[in-house]
Each structure stands twice: as C-alpha cells, then as structure tokens.
Amino acid sequence: MEKTPITAEQMRHYDSYTINQIGIPSLVLMERAALAVRDEILNAFPLYLDHVVVVAGSGNNGGDGLDVARLLHIAGVKVTILNVGNPDHASTEHQVQEKICQYYQIPEKTDLSALKQASLIVDAMFGIGIDRPVTGAYADAIATINESDALVVAVDMPSGINTDTGAIMGTAVKADATVTFAFNKVGLTKADGAKYAGRIVIADDMGTYAVDD
Ligand SMILES: NC(=O)C1=CN([C@@H]2O[C@H](COP(=O)(O)OP(=O)(O)OC[C@H]3O[C@@H](n4cnc5c(N)ncnc54)[C@H](O)[C@@H]3O)[C@@H](O)[C@H]2O)[C@@H](O)CC1
Ligand SMILES: [K+]
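The model shown is predicted, which means the values in this text are computed figures rather than measured ones.

Undergrad: What exactly am I supposed to notice about the pattern of salt bridges here?
TA: Proximity of charged atoms lets side chains of opposite charge pair with each other. A complete count under the given rule lists 8 salt bridges for this structure. The partner of Asp67 in a salt bridge is Arg70, and the shortest N-O contact between them spans 3.1 Å. Here Asp67 and its partner Arg70 are both found in helix α3 (residues 60-74), 3 residues apart, which amounts to about one turn of the helix. Each of the two residues, Asp67 as well as Arg70, counts as buried. For Asp192, the salt bridge is made with Lys195, and the minimal N-O distance between the two is 3.0 Å. With a gap of 3 residues between them, Asp192 and Lys195 both fall in helix α6 (residues 191-196), about one helical turn apart. On the basis of relative accessibility, which here comes to 53%, the residue Lys195 falls in the exposed class.

Structure, rendered in structure tokens:
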C-alpha cells in the first residue's frame, strides 16, 4: 500500500474508485472512518470524556462527525452536536447520519456556547473539501475552539488547513490529534499543517484503496 502522503485530488480519486469500481458504498467508508476516530478518542483520551462536543459542517467531514457522535453516544459517552453548516447544503451521507443521530436523540445545538462545556471537541467542519478561505460562522467556531482548553481531535484534517499545501486558509483549528483516513495528506506534513495537526493517526484500514493510474 502506497505510504507517501497524498493530495486531496488523489484521495478523491481513490475514494471514487473504491466506491464506483470496487463497489464499497460511501457510507461503509464513512462508518469505518468514524470507527477509527471513535477508537482513537476512547483509547487515547479516556480522561477527557466527560462531555464531547462534535462540531459538524454540512459535508461528508460533518457526516463523519455525526457518525462519531453516535458511536460515542452508544459507548456511553455524553455527546452534544454543534451544527455549524447550513442544513440545506447537507450532503446525502450527512443527511443519513443526521437521521440516525435524531433516532438516538443526541442533543443538537447551533449556539457556540455549547463549546464551553466541552472536555473534548471533535472538529468535523471541513476535511479535504476545503476550497476557499474560512469566514463567518465557521471562522467564529474555529476561534472559539482555539480559545477553549478542551482537547481537540480533528477528523481527517484540522478544519481550515489546505490538504495539499498545509497553508492556513483564513483561520484553522489547532488540534491535539488528527485522525486522517487511508493515507497521510501532504498538508499534514508541511507548513502550518504539520503544527496544527497535533499527533497524526493514519486510519489506513478503512477500506479505501489506491489505484495505480
Ligand atoms: N465517501 C467519501 O468520499 C468519504 C469521505 N470522507 C469524508 O469526507 C470528507 C470530504 O467531504 P466533502 O467532499 O463533502 O467536503 P468537506 O466535508 O471537507 O467540506 C464540505 C463542503 O464545504 C464547502 N467548503 C469548502 N471550503 C469552505 C469554506 N471555506 N467555507 C464554507 N464552505 C466551504 C465545500 O463545498 C465542501 O463540499 C473527507 O475529508 C472525509 O472526512 C470519509 O467519510 C471517507 C469516505
Ligand atoms: K476537520
């Protein structure tokens, strides 16, 4: 398995190959990604589980976050979801995960004050889909996260860090740990990305397969 860090475009290519050629559904990859994040949180940060706040965007990185929220809830952890994204823009997978969280009646908030009670924050606003500087409510959430003394675990990428260059796009989450999926990302190995990522965990057993073309 290729071990060198990859770019967002390569990741998207491997994801779509895995989903469309091999036939592993996107939601299966999402579940395996979320299981890796859950395992890292339960295994590495057992003393920070008093109240986990998952900060979710409206794309598949947010979908991962909602999946992690459900898995932690089932594990008996107190979890609150802070939705920052616009629900009208929610991706298909995000909508599926949202419905499951509603089944489990996991509290959902939109007010940033929810972050004040967090012992651990899961950053699931943006992953490899970031394509412009962060502004508005997302930027406010990032500022509040960075001011918090909660432990911060980033899903796939610290939100705001460019996947390919490691540059801060306007503003970015400073994470204690980043669980990135399938392969390391170039943006986690250089520039500010290497600093903002914290300890990097590569979840390389999550079902996405590299193709050599
Ligand atoms: N099937 C798949 O493709 C899988 C994807 N996964 C997750 O999906 C993520 C990629 O998901 P998406 O492609 O939905 O993208 P993201 O969830 O990273 O971003 C969501 C959306 O935010 C918008 N956006 C970008 N920059 C913005 C900004 N500065 N301000 C406001 N909005 C902005 C873009 O339209 C983007 O589609 C990965 O990082 C990973 O976490 C994983 O679940 C593994 C499986
Ligand atoms: K993220």
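Undergrad: I keep staring at the layout of surface pockets and nothing clicks. Help me out?
TA: Its boundaries defined by the atoms lining it, the largest pocket holds a volume of some 900 Å³. Lining the largest pocket are 34 residues, and of these Gly59, Asn60, Asn61, Ile128 and Gly129 lie nearest its centre. No other element matches helix α1 (residues 8-22), which puts 5 residues into the lining of the largest pocket. Its residues assigned to classes, the lining of the largest pocket shows 14 nonpolar, 13 polar and 7 charged.

Undergrad: Before we go on, may I ask you to explain the pairing of strand β1 (residues 52-56) in this structure?
TA: Looking along a regular strand, one sees side chains alternate from face to face of the sheet. Burial runs high along β1: 5 of the 5 residues are buried. Because side chains alternate across β1, one face comprises the buried residues Val52, Val54 and Ala56, and the other comprises Val53 and Val55, equally buried. For β1 and strand β2 (residues 79-83), the ladder comprises 5 bridges, and the chain directions are parallel. Across the sheet, residue Val54 finds its bridge partner in β2, namely Ile81. By the bridge criterion, 5 bridges tie β1 to strand β4 (residues 120-124) in an arrangement that is parallel. In the sheet register, Val54 faces β4, and the bridge partner there is Val122.

Undergrad: Sorry, what's going on with the packing of aromatic side chains here?
TA: Geometrically, a pair of aromatic rings is defined through the distance of the ring centres and the angle of the planes. Applying the stated criterion across every chain yields a total of 4 aromatic pairs. Aromatic pair Phe126 and Tyr138: ring centres 4.6 Å apart, planes at 45°, arrangement tilted. Of this pair, Phe126 sits in the loop between β4 and α5 (136-147) while Tyr138 sits in helix α5, and the two are 12 residues apart along the sequence. Sitting over the face of the ring of Tyr196, Lys174 holds its NZ or CZ atom 4.5 Å from the ring centroid.

Reading guide: rules and limits
Throughout, a residue's number is its position along its own chain's written sequence, starting from 1. Think of it this way: whatever chain is written first is A, whatever ligand is written first is 1, and the rest follow in order. Selection of residues for local features in this predicted model requires a pLDDT of at least 70, selection of side-chain atom pairs for listing and counting requires 80 or more, and totals for whole chains, interfaces and linings are taken over all residues. Only hydrogens and water are set aside; all other atoms, that is, all heavy atoms of the structure, feed into the side-chain values. By convention in these notes, a salt bridge is any Lys or Arg side-chain nitrogen within 4 Å of a carboxyl oxygen on Asp or Glu. Under the DSSP-based scheme used, a helix requires at least four consecutive residues in state H or I and a strand at least two consecutive residues in state E, with every element numbered from the N terminus. Accessibility here uses a 1.4 Å probe with only protein chains present; expressed as a share of the type maximum, an area under 20% marks a residue as buried, one over 50% as exposed, and anything in between as partly exposed. Only protein atoms enter the 1 Å grid used here, on which a cavity is any set of points holding a 1.4 Å probe that cannot leave and a pocket is any open set flanked by protein within 12 Å on both sides along at least five of seven lines; residues with an atom within 4 Å of a point are listed as lining. Grid points are joined across faces, edges and corners, and a volume is the space filled by probe spheres set on the points. Residue type decides the class: Asp, Glu, Lys and Arg count as charged, Ala, Val, Leu, Ile, Met, Phe, Trp, Tyr, Cys and Pro as nonpolar, and the leftover types, Gly among them, as polar. Each pair of strands is called paired provided DSSP finds at least two bridges between the two strands. A pair of Phe, Tyr and Trp rings is counted when the ring centres sit within 6.5 Å of each other, with Trp represented by its six-membered ring. The angle between the planes then sorts it: under 30 degrees is stacked, over 60 is edge-to-face, the rest tilted. Only when the NZ of Lys or the CZ of Arg is both within 6 Å of the ring centre and within 35 degrees of the ring normal is a charge said to sit over the ring.

Interpretation in functional terms is not warranted from these geometric data alone.
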